[in-house]
Amino acid sequence: METNTPTWTLGALAEMLGGELQGLPDLPLDRPVDCASSDPRGVAFAESEEYLREAEESQVGAVILPRGMRPTSLPAIYVDQPRLAFLRLLNMARRPLPLSSGIHPSAVVAEGAEVHPDASVGPFAVVERGAVVGRGCRIYPFCYVGENCVVGEESILFPHVVLYQDVRIGARSILHAGAVLGADGFGFFWDGTRRVKVPQVGGVVLGDDCEVGAMSAIDRATAGTTTLGDGNKIDNLVQIGHNTRIGDHGAIAALTGIGGSSRLGDRVLLAGQCAVADHVTVGDDVTFAGRTAAGQDVEEPGIYLGAPARPIREASRALLLATKLPELFSRLRRLEKRFPDSP
Amino acid sequence: METNTPTWTLGALAEMLGGELQGLPDLPLDRPVDCASSDPRGVAFAESEEYLREAEESQVGAVILPRGMRPTSLPAIYVDQPRLAFLRLLNMARRPLPLSSGIHPSAVVAEGAEVHPDASVGPFAVVERGAVVGRGCRIYPFCYVGENCVVGEESILFPHVVLYQDVRIGARSILHAGAVLGADGFGFFWDGTRRVKVPQVGGVVLGDDCEVGAMSAIDRATAGTTTLGDGNKIDNLVQIGHNTRIGDHGAIAALTGIGGSSRLGDRVLLAGQCAVADHVTVGDDVTFAGRTAAGQDVEEPGIYLGAPARPIREASRALLLATKLPELFSRLRRLEKRFPDSP
Amino acid sequence: METNTPTWTLGALAEMLGGELQGLPDLPLDRPVDCASSDPRGVAFAESEEYLREAEESQVGAVILPRGMRPTSLPAIYVDQPRLAFLRLLNMARRPLPLSSGIHPSAVVAEGAEVHPDASVGPFAVVERGAVVGRGCRIYPFCYVGENCVVGEESILFPHVVLYQDVRIGARSILHAGAVLGADGFGFFWDGTRRVKVPQVGGVVLGDDCEVGAMSAIDRATAGTTTLGDGNKIDNLVQIGHNTRIGDHGAIAALTGIGGSSRLGDRVLLAGQCAVADHVTVGDDVTFAGRTAAGQDVEEPGIYLGAPARPIREASRALLLATKLPELFSRLRRLEKRFPDSP
């Protein structure tokens, strides 16, 4: 059985992190926390005076500080790189959600599905015919792995993930609760009296080392595949339309919508509530600030803002000036008054 | 067994509401409806001439009117406060979704989980080790109550709710279908060639008397907890990022995104499609009109509009003037023509 | 058992489509794909030089072209209307997600529910008392068909659909994974110290031939019904508030939010991330471009843009001029300098 809580002491942590101890070495510490926590067994990190003061106010159990930081009444460990030290703590504190190895007796695995003997399939999961679940995969309860879907080695499907059909997930990818891959794209045509459905028969390909957030949707292609490369990190509640192609190592934040048949290059970074319209191309190394929308191609690397997307400097200046419209109007009116039209 | 339909008569309703009857006392009425309904057994309320006329057009079964309202051909009950009277009807018409008491035989409750004998756990629910389900809770089908999660007394999890791990729900809170609490926050760093995941090991705390809408996500903290106080009402499809803290009695409407490590005070009210960026503070008693976005702190109580958020009066004026830009340009051009640069 | 892959030959396809063949008639082709596909057994269509070039670069298996198009080295079929020919292929390539006929032994169907003998109910589905599942319906795993819900003939509920209570779905409608119909509307009032819930006791009516995308929400009415007419196509992650009424043949794209008690006419078309505020009316044949928001009634047919929504010509012009604000300010400053206030 996996242990529920790591138990450390201040002294053991200091030694492990190669840091300098201040306080009682025997102080028990159970978990990493943030500076605003008042957990007496929590250990936070603070890289600046501001965060240290927050930690002192909340009286967190202990704090990791950069060497040379001022003394504090809190138990502390002084290290070269507090952020990296904290990252090590986070890694030690990870506990996978519980899941027994093998296939849970309540799961429904169709004849003709292949589940690797080292994979775990939880209660009430459904794995359809032709599906392949790779070595070390973790399929949590209520997941639906549809016909001919492939889940690569060591990938994780949290509860309630749905893969419709012909969805291919790479290795070491993580799909959060309620993500839906392979639902029909939004394809219809108007025949004069009603909207007729264009059958959506394609698939989805998601690369290695990707992460898809809770309740995000990646639609199946009309034909062919909707394709995301390796290392893409998709946040919660993101919509990615049919036949869209995204390169490698992108990041797309919550509530962003990508239309159909769009093309995103490598390392595209979209902040929250952004939009890319249908059939639009976004080039490599393009970054969109929050709520930026591209209705036309954006090819040049750089940071963009606004709807429509423009280079952030231009867009910021126009935004600023928009707040000065009342002033602009009154200055104009003043000039007009001084020079009336018909003297 | 719970009854499916209340059955009232116009007379009984009038008496119960302390109102004055007009029409046949024996008229059967089954349910509250709105004024646009033509349900002959529905009873609506109308506080104004406009709604009364709508009710007359749709020929609803009966209507609750304020005393002094004009006569109508519809069966009617005249009361002091039609809205409050209608609220009483709504309360009488509530029917909890069916759920047998106790633990359904198909549910999977781990050893070491505690389910109060007065709680109900529906078909195909999963309750993991260390979880606690309190007195009077209603856990509907397909819910996943993860490791060490706590569901407070009389809270309701509608079908398909997912609590990952270390998620603490207060008393009398309602989580709607598909809500996901405790999924990993969107935390990565770029190591020069790829995005590396920052492990997310914290929890979520949701207070008493909260409501979380269908398919809304509240991410677990990187470390420590993402915390919402008491009385918060979250609509559908809302995203709340990791380590965010929200005070008491807030209301957040659909499709709003709150970034990570944000701080919202008490009684913050965000209309639909709003945004609060990472690390931003929004003070007590701040209201955002629809689609308002805060990229920086908004401390003063009041109503805000726009992106970036500004006091609604300023923002409305600038919005209005933005529609007059064509006029502005032509007025300027006129002046320029009259005074050419190089005479 | 349904067959997994159609197998065609180039010659058979050409004959079936009434087209002119170029290439080996025996060439095996398995599936429709898009022009960017390099699938040697895929067949794409290209209506323009641009797409034909893309197909040649990706070396797709074969391509359907309009008669008169230039020769290509790819195997090809020349037809009158490539798009219609391709639509026929799509229809032939459809494979319903697997589902055995009848009620799966693991499904929980309450006493008093009616499931038509020709309907299919998958593993772990729940059908509550009073529910009616019509002829030919396909209810996939993990669906929750709540009390007194009705699913019309030949409608499809993909995995994880939730119908709360009193939800009525017409015939031939499709609900995608995770769609939630009938969750409580967002109704509260402030009693001076806290937000009090207004019980939501109404239902939802969805017409015939509708489609609701993955994780879209249509809330139940406070009283009466939230009503969508026939032929409505709703994309993923859309929010539709309580008591809203939508006519026939609308289309609403992803991440759009419709408030409560709104009225949308027939053939309303909303692109992605649009918004309609509470109690707002949108007339027949109104189209909103992406991210348009209506805070007030929009009655006239036509295309609208912006927030607030304005006729697209006006709104586009104002948007364009907004990008010229820096120029405007400098032109004004120039005039002011030439005519200083106090000479």
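Residues numbered from 1 in each chain as written. Chains lettered and ligands numbered in written order. Predicted model: local features only at pLDDT ≥ 70, side-chain atom pairs only at ≥ 80, totals over all residues. Heavy atoms only, no water.

## Overview of the overall build of chain A
Along the backbone of chain A there are five helices and 40 strands. Scored against the burial criterion, the 343 residues of chain A give a buried share of 59%. Sequence separation of 24 or more characterises 18% of the internal contacts of chain A that already satisfy a separation of 6 or more. Accessible surface, chain A as shown: approximately 13200 Å² in total, 52% of it carbon and sulfur. Of note, chain A has its 32 positive side-chain charges centred 8 Å away from the centre of its 42 negative side-chain charges. (Helix = DSSP H or I, 4+ residues; strand = E, 2+ residues; numbered from the N terminus. Buried < 20%, exposed > 50% of the residue type's maximum accessible area, 1.4 Å probe, protein only. Contact = heavy atoms within 4.5 Å. Areas by Shrake-Rupley, 256 points an atom, 1.4 Å probe, with all protein chains shown as cover. Lys, Arg positive; Asp, Glu negative; His and termini not counted. Charge placed at Lys NZ, Arg CZ, Asp CG, Glu CD.)

## Focus: the relation of the copies chain B and chain A
Mapping chain B onto chain A is achieved by rotating through 120° and translating by 0.0 Å along the same axis, at an RMSD of 0.0 Å. Read as a symmetry element, the transformation amounts to a three-fold axis. Residue by residue, only 19% of the interface of chain B is reproduced at the interface of chain A, so the copies engage with different surfaces. (Least-squares fit on C-alpha atoms with pLDDT ≥ 70 in both.)

## Some words on the confidence of the model for chain A
Taken residue by residue, chain A gives an average pLDDT of 95. The fraction at 70 or more is 97%. Listed scores for the predicted complex are pTM 0.96 and ipTM 0.95. (pLDDT = per-residue confidence, 0-100.)

## A closer look at the pattern of salt bridges
A full pass over the atoms with the stated rule returns 69 salt bridges over all chains. Between Lys197 of chain B and Asp184 of chain B there is a salt bridge; the shortest N-O distance is 2.8 Å. Taken together, the positions of Lys197 of chain B in strand 23 (residues 195-197) and Asp184 of chain B in the loop between strand 21 (180-181) and strand 22 (188-190) put the pair 13 residues apart, joining distant regions of the chain. Grouping residues by exposure puts Lys197 of chain B and Asp184 of chain B together as buried. Of the charged contacts, one joins Arg172 of chain C and Asp209 of chain C as a salt bridge, the two residues approaching to 2.8 Å between their closest N and O atoms. Here Asp209 of chain C lies in the loop between strand 24 (203-206) and strand 25 (211-212) and Arg172 of chain C lies in the loop between strand 19 (167-169) and strand 20 (174-175), a separation of 37 residues in the sequence. For Arg172 of chain C, a relative accessible area of 42% corresponds to the partly exposed category. Given the relative accessible area of 28%, Asp209 of chain C is considered partly exposed. One salt-bridge network, in which partners are shared between bridges, spans Asp30, Arg31, Asp39 and Arg41 of chain A. (Salt bridge = Lys/Arg side-chain N within 4 Å of Asp/Glu carboxyl O.)

## Here we look at the interface of chain C and chain A
If you look at the interface, chain C gives 65 residues, while chain A gives 72 residues. Summed over both partners, the interface of chain C with chain A buries about 5400 Å², with 64% contributed by carbon and sulfur atoms. In this structure, the connection of chain C to chain A is made through five salt bridges. One salt bridge connects Arg331 of chain A with Glu336 of chain C, and the closest N-O pair in it is separated by 2.7 Å. Scanning the region where chain C abuts chain A turns up 18 residue pairs in polar contact (both at pLDDT 80 or more). Broken down by secondary-structure element, the contributors of at least two residues to the side of chain C that touches chain A are helix 2 (49-58), helix 3 (82-93), strand 28 (233-234), strand 31 (251-252), helix 4 (312-322) and helix 5 (325-338) of chain C. A per-element tally of the side of chain C that touches chain A places helix 5 of chain C first, with eight residues. (Buried area = accessible area lost by both parts, 1.4 Å probe. Polar contact = N/O pair within 3.5 Å; in protein donor to acceptor, adjacent residues only side chain to side chain.)

## Notes on the interface of chain B and chain A
Contact residues are listed per partner, giving 72 residues for chain B and 65 residues for chain A. Taken together, both faces of the contact between chain B and chain A bury some 5400 Å²; the carbon and sulfur share is 64%. Inspection of the chain B/chain A interface yields five salt bridges. With its nearest N and O atoms 3.3 Å apart, the salt bridge here joins Glu147 of chain B to Arg95 of chain A.

## Thoughts on empty space enclosed by the protein
Following the criterion strictly, the structure yields five cavities of 30 Å³ or more and no others. Its volume calculated, the largest cavity comes out at about 150 Å³. For the largest cavity, the lining is made up of 16 residues, of which His160 and Gly178 of chain A, His160 and Gly178 of chain B together with Gly178 of chain C are closest to its centre. Looking at the lining of the largest cavity, its residues break down into ten nonpolar, six polar and no charged. Approximately 100 Å³ is the volume found for the second largest cavity. What lines the second largest cavity is Leu255, Gln273 and Arg291 of chain A, Leu255, Gln273 and Arg291 of chain B together with Leu255, Gln273 and Arg291 of chain C. Considered class by class, the residues forming the lining of the second largest cavity number three nonpolar, three polar and three charged. (1 Å grid on protein atoms, 1.4 Å probe; cavity = no way out; pocket = protein on both sides within 12 Å on 5 of 7 lines; lining within 4 Å. Points joined across faces, edges and corners; volume = space filled by probe spheres on them. Nonpolar A, V, L, I, M, F, W, Y, C, P; charged D, E, K, R; others polar.)

## Observations regarding unusual backbone geometry
Most peptide bonds take the trans configuration, and most residues that are not glycine carry a negative phi. Between Ala307 of chain B and Pro308 of chain B the backbone carries a cis peptide bond, its omega angle lying at 5°. Structurally, the position occupied by Pro308 of chain B is in the loop between strand 39 (302-305) and strand 40 (310-311). If you check the backbone angles, Arg291 of chain B has positive phi at about 65° while not being a glycine. Looking at the element boundaries, Arg291 of chain B is found in the loop between strand 37 (286-288) and strand 38 (293-294). Since its relative accessible area comes to 13%, Arg291 of chain B is described here as buried. At Asn243 of chain C, a residue that is not glycine, the phi angle is positive and equals roughly 70°. Considering the arrangement of structural elements, one finds Asn243 of chain C in the loop between strand 29 (239-240) and strand 30 (245-246).

## Points about the sheet that holds strand 18 (residues 162-165) of chain A
Residues and elements named next belong to chain A. Across the sheet, ten strands lie side by side as 9-12-15-18-21-26-29-32-35-38; this open sheet has parallel pairing. With one partner strand each, in any of the chains shown, strand 9 (108-109) and strand 38 (293-294) form the two edges of the open sheet. Examined bridge by bridge, strand 35 (residues 275-276) and strand 38 share two bridges and lie parallel to one another. Opposite Val276, over in strand 38, you have Ala294 as the bridge partner. (Pairing = 2+ DSSP bridges.)

## Focus on the environment of Leu255 of chain A
Assignment of secondary structure puts Leu255 of chain A in the loop between strand 31 (251-252) and strand 32 (257-258). Relative accessible area serves as the criterion here: at 3%, Leu255 of chain A is assigned to the buried category. Sequence spacing of Leu255 of chain A and Leu237 of chain A is 18 residues, and the spatial spacing of their C-alpha atoms is 5.0 Å. If we skip the residues at most four places from it in the chain, Leu255 of chain A touches Asn236, Leu237, Val238, Gln273 and Cys274 of chain A, Leu237, Gln239, Leu255, Thr256 and Gly257 of chain B together with Leu255 and Gln273 of chain C.

## Digging into the packing of helix 5 (residues 325-338) of chain A against helix 5 of chain C
Direction vectors running N to C along helix 5 of chain A and helix 5 of chain C enclose 35°, while the axes themselves pass 11 Å from each other. Between helix 5 of chain A and helix 5 of chain C the crossing geometry is left-handed. Residues Leu325, Glu327, Leu328, Arg331, Leu332 and Leu335 of chain A of helix 5 of chain A form the contact with helix 5 of chain C, whose participating residues are Leu325, Leu328, Phe329, Leu332, Arg333, Leu335 and Glu336 of chain C. Tallied by class, the residues present in the contact of helix 5 of chain A with helix 5 of chain C amount to nine nonpolar, no polar and four charged. (Axes fitted to C-alpha atoms, helices over the stretch in contact; angles between N-to-C directions. Left-handed = near helix turned anticlockwise from the far one by under 90°.)

## Quick notes on the packing of aromatic side chains
Each aromatic ring pair is characterised by the separation of its centres together with the angle its planes make. Residues and elements named next belong to chain C. With the rule as written, the count across this model stands at 27 aromatic pairs over all chains. On the numbers, 5.8 Å between centres and 15° between planes, the contact of Phe124 with Phe142 is stacked. On the criterion of sequence distance, the pair formed by Phe124 in the loop between strand 11 (120-121) and strand 12 (126-127) and Phe142 in the loop between strand 14 (138-139) and strand 15 (144-147) is long-range, its members being 18 residues apart. For Phe124, a relative accessible area of 3% puts it in the buried group. (Phe/Tyr/Trp six-rings, centres within 6.5 Å; stacked < 30°, edge-to-face > 60°.)

## Some remarks on the pairing of strand 5 (residues 42-45) of chain A
All names here are of chain A. The two faces of strand 5 match: Gly42 and Ala44 on one face and Val43 and Phe45 on the other face are all buried. Looking at chain direction, strand 4 (residues 31-32) and strand 5 are connected through two bridges and run parallel. Residue pairing for strand 5: Pro32 is matched across the bridge by Val43. Bridge count between strand 5 and strand 6 (residues 62-66): three bridges; the pairing is parallel. Within strand 6, the position partnered with Val43 by the bridge is Ala62. Tracing the backbone out of strand 5, into helix 2 (residues 49-58) and back to the parallel element strand 6 gives a crossover that is right-handed. (Right-handed = clockwise from strand over helix to strand, strands pointing away.)

## Focus on the sheet that holds strand 10 (residues 114-115) of chain A
All names here are of chain A. The strand order 10-13-16-19-24-27-30-33-36 describes an open sheet built from nine strands, whose pairing is parallel. The open sheet is flanked by strand 10 and strand 36 (281-282), the only strands paired with a single partner. Note that strand 10 and strand 13 (residues 132-133) share two bridges and pair parallel. By the bridge assignment, Glu114 is partnered in strand 13 with Val132.

## Some thoughts on the side chain of Gln165 of chain B
Tracing the backbone shows Gln165 of chain B in strand 18 (residues 162-165). Given a relative accessible area of 1%, Gln165 of chain B falls into the buried group. Aside from chain neighbours lying at most four places away, what touches Gln165 of chain B is Arg95, Pro96 and Leu97 of chain A together with Glu147, Cys149, Gly203 and Arg220 of chain B.

## Remarks on helix 5 (residues 325-338) of chain B
Under the 1.5 Å per step criterion, the end-to-end length of helix 5 of chain B is 20 Å for 14 residues, consistent within 8% with the ideal 20 Å. Taken together, the buried positions of helix 5 of chain B are Leu325, Leu328, Phe329, Arg331, Leu332 and Leu335 of chain B. Take helix 5 of chain B and look down its axis: the buried residues cluster within an arc of 165°, on one side only. Elements in contact with the buried residues of helix 5 of chain B: helix 5 of chain A, helix 4 (312-323) of chain B together with helix 4 and helix 5 of chain C. (Expected span 1.5 Å × (residues − 1). Arc of directions from axis to C-beta.)

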